[in-house]
Amino acid sequence: SAVISQKPSRDICQRGTSLTIQCQVDSQVTMMFWYRQQPGQSLTLIATANQGSEATYESGFVIDKFPISRPNLTFSTLTVSNLSPEDSSIYLCSVLTGGDTEAFFGQGTRLTVV
Amino acid sequence: GQNIDQPTEMTATEGAIVQINCTYQTSGFNGLFWYQQHAGEAPTFLSYNVLDGLEEKGRFSSFLSRSKGYSYLLLKELQMKDSASYLCAAGGGADGLTFGKGTHLIIQP
């Protein structure tokens, strides 16, 4: 298994600002994933963060809005830029372990944009 | 792309058994995952299936039929704390996971 520490757990941000979310894993993992869960909805993959290369973004998500860093095999950050109320959501990081047979999530960051 | 369907809501009785179904259509397949999510919390990993058949873990079992694009999660001896959303997800590997919309399970006394 993997233990994932994600912070902040929640934040309230002003429109037009940015929020950076950190995700720390207790073991080295090749790929880390960032998801968004909008109110009452299921999870949507934003991007895959690979160490040593640029993140791979899903359709509808762009690097300018959601820049990602992956400086080493245990850490990643997701920034949500130029915030608007529509960005109010829960953001979660995730890793695959056990030969890709188990996927674990951080505790999530609940973002409210006012 | 991936398309995953599961019922929106189910109700069951404490002590009983409930089966939550999931059908999927995927362009690639690395496995089928089930998660439990309580309101306001992150999803908790329950099970993973990549081969056809039944995987049992205590009160929870998960079944997969790859030829039918079908899975189910079976919960036995239901407890009130099992009231939660149950998410079916397909994928894995470098593509991450595609999630269904989740099944909200209500347990009644």
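The present account deals with the structure reproduced in this document. (Residues numbered from 1 in each chain as written. Chains lettered and ligands numbered in written order. Predicted model: local features only at pLDDT ≥ 70, side-chain atom pairs only at ≥ 80, totals over all residues. Heavy atoms only, no water.)

### Details of the side chain of Ser47 of chain B
All names here are of chain B.
So, point 1. Inspection of the secondary structure puts Ser47 in strand β5 (residues 44-49).
So, point 2. A relative accessible area of 7% means that Ser47 is categorised as buried.
So, point 3. Polar contacts involving the side chain of Ser47 include one to the side chain of Ser62, which spans 3.2 Å.
So, point 4. What Ser47 contacts, discounting residues up to four positions off in sequence, is Leu32, Phe33, Trp34, Lys57, Ser62 and Leu73. (Helix = DSSP H or I, 4+ residues; strand = E, 2+ residues; numbered from the N terminus. Buried < 20%, exposed > 50% of the residue type's maximum accessible area, 1.4 Å probe, protein only. Polar contact = N/O pair within 3.5 Å; in protein donor to acceptor, adjacent residues only side chain to side chain. Contact = heavy atoms within 4.5 Å.)

### Concerning the interface of chain A and chain B
So, point 1. Residue-level contacts link 19 residues of chain A with 18 residues of chain B.
So, point 2. Both sides together, the interface formed by chain A and chain B hides about 1,400 Å², and carbon and sulfur atoms give 60% of it.
So, point 3. It is Ser42, Leu43 and Phe105 of chain A in chain A that bury the most area against chain B; as a group they hold 28% of the surface buried on that side.
So, point 4. Across the contact surface, chain A and chain B share zero salt bridges. (Buried area = accessible area lost by both parts, 1.4 Å probe. Salt bridge = Lys/Arg side-chain N within 4 Å of Asp/Glu carboxyl O.)

### Remarks on the nonpolar core
So, point 1. In terms of nonpolar packing, the biggest core is built from 46 residues, with Leu78 of chain A together with Phe33, Tyr35 and Phe99 of chain B touching the most fellow members.
So, point 2. With six residues, the top contributor of residues to this core is strand β9 (residues 89-97) of chain A.
So, point 3. Counting 21 residues, the second-largest nonpolar core is a separate cluster that includes Val18, Leu46, Leu73 and Cys88 of chain B. (Core = buried A, V, L, I, M, F, W, Y, C linked by side-chain atoms within 4.5 Å.)

### Let's talk about the sheet that holds strand β3 (residues 19-25) of chain A
All names here are of chain A.
So, point 1. If you walk across this open sheet you meet the four strands as β1-β3-β8-β7, and the pairing is antiparallel. Each end of this open sheet is capped by a strand with a single partner; those strands are β1 (4-7) and β7 (68-72). This sheet shows a mean twist of 15 degrees between the axes of neighbouring strands, independent of strand direction.
So, point 2. Alignment of β7 against strand β8 (residues 75-80), held across three bridges, turns out to be antiparallel. Paired with Ile68 across the strands is Leu78, a residue of β8. (Pairing = 2+ DSSP bridges. Axes fitted to C-alpha atoms, helices over the stretch in contact; angles between N-to-C directions.)

### Side note on the sheet that holds strand β3 (residues 18-26) of chain B
All names here are of chain B.
So, point 1. Strands sit in the order β1-β3-β8-β7-β6 across an open sheet of five strands; the sheet is antiparallel. At either margin of the open sheet sits one strand with a lone partner, and together these are β1 (2-5) and β6 (53-57). Between one strand and the next, the sheet's axes are offset by a mean angle of 15 degrees, whatever the strand orientation.
So, point 2. Inspection of the sheet shows β1 paired to β3 by four bridges, in the antiparallel sense. Across the sheet, the residue bridging to Asn3 is Gln25, located in β3.

### Focus on the side chain of Ser71 of chain B
Residues and elements named next belong to chain B.
So, point 1. Here Ser71 lies in strand β8 (residues 70-75).
So, point 2. Among the polar contacts made by the side chain of Ser71, one reaches the main-chain carbonyl oxygen of Phe63 at a distance of 2.7 Å.
So, point 3. Among residues more than four places away in sequence, those in contact with Ser71 are Ile20, Asn21, Cys22, Leu32, Trp34, Phe63 and Leu64.

### Here we look at the pairing of strand β10 (residues 102-105) of chain A
Residues and elements named next belong to chain A.
So, point 1. Here β9 pairs with β10 via four bridges, running antiparallel. In the strand pairing of β10, Ser94 is matched with Phe105.
So, point 2. Here β9 folds back onto β10, and the loop between the two strands holds four residues, one of which, Gly98, carries a positive phi near 60 degrees.

### Things to note about the packing of aromatic side chains
So, point 1. For the structure on display, the rule yields 14 aromatic pairs over all chains.
So, point 2. Here Phe105 of chain A and Tyr35 of chain B contribute two aromatic rings whose centre-to-centre distance is 5.3 Å and whose plane-to-plane angle is 80 degrees, an arrangement assigned as edge-to-face. Of the two residues, Phe105 of chain A sits in strand β10 while Tyr35 of chain B sits in strand β4 (residues 32-37), which places them in two different chains. (Phe/Tyr/Trp six-rings, centres within 6.5 Å; stacked < 30°, edge-to-face > 60°.)

### A word on the environment of Cys88 of chain B
Residues and elements named next belong to chain B.
So, point 1. Along the chain, Cys88 turns up in strand β9 (residues 84-91).
So, point 2. Taking the C-alpha atoms as reference points, Cys88 and Thr103, separated by 15 residues in sequence, lie 8.5 Å from one another.
So, point 3. Here Cys88 is in contact with Ile4, Gln6, Cys22, Leu32, Phe33, Trp34, Thr98, Phe99 and Gly100, once residues within four sequence places are set aside.

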